[in-house]
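# Coordinate analysis (summary)
Chain by chain, the residues run as shown.
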Amino acid sequence: MDWRDILRDRVEALGLVAVATALGTAKSTVSMLVNGKYPASTHKMQARVLATYGGQTVACPVLGGIDAAACADNQSRAKRIGLRAGNPETLRLFKTCSNCPVRGAKQGG
């Protein structure tokens, strides 16, 4: 199963918006990838799809070794809550995720 198949399966199971959010990219980017119409290089998106949905373990600077999907969820939650976090762990995630070498400081497509 190649990364595009994984992406298609995730879009079918979770929906376009949820997958785009988990990958930290726009819905249009995911749509173009699924339909084979993405005009730019797909290397970064391939790595992001595999890191998020490929079942890989990543080294989180805050939580240690975690599943890549959990990494994406934590990053999304921390970004959404931001400095309003009452939980010290969420606040550490917010501060760390924005410059994380695992997910990348810039989450663009």
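Residues numbered from 1 in each chain as written. Predicted model: local features only at pLDDT ≥ 70, side-chain atom pairs only at ≥ 80, totals over all residues. Heavy atoms only, no water.

### With respect to the pattern of salt bridges
Summed over the entire model, instances satisfying the criterion amount to 1 salt bridge. Between Asp5 and Arg8 there is a salt bridge, with its nearest N and O atoms 3.2 Å apart. Taken together, the residues Asp5 and Arg8, both in helix H1 (residues 3-14) and 3 residues apart, mark about one turn of the helix. Looking at Arg8, the relative accessible area reads 30%, which means it is partly exposed. (Salt bridge = Lys/Arg side-chain N within 4 Å of Asp/Glu carboxyl O. Helix = DSSP H or I, 4+ residues; strand = E, 2+ residues; numbered from the N terminus. Buried < 20%, exposed > 50% of the residue type's maximum accessible area, 1.4 Å probe, protein only.)

### Observations regarding the environment of Leu63
Secondary-structure assignment places Leu63 in the loop between strand E1 (57-60) and strand E2 (64-67). Overall, the relative accessible area of 30% leaves Leu63 in the partly exposed class. Once the C-alpha coordinates of Leu63 and Ile6 are considered, the two residues, 57 residues apart in sequence, prove to be 26 Å apart. Once you skip the residues sitting within four places of it in the chain, Leu63 turns out to touch Asn74, Glu89 and Leu93. (Contact = heavy atoms within 4.5 Å.)

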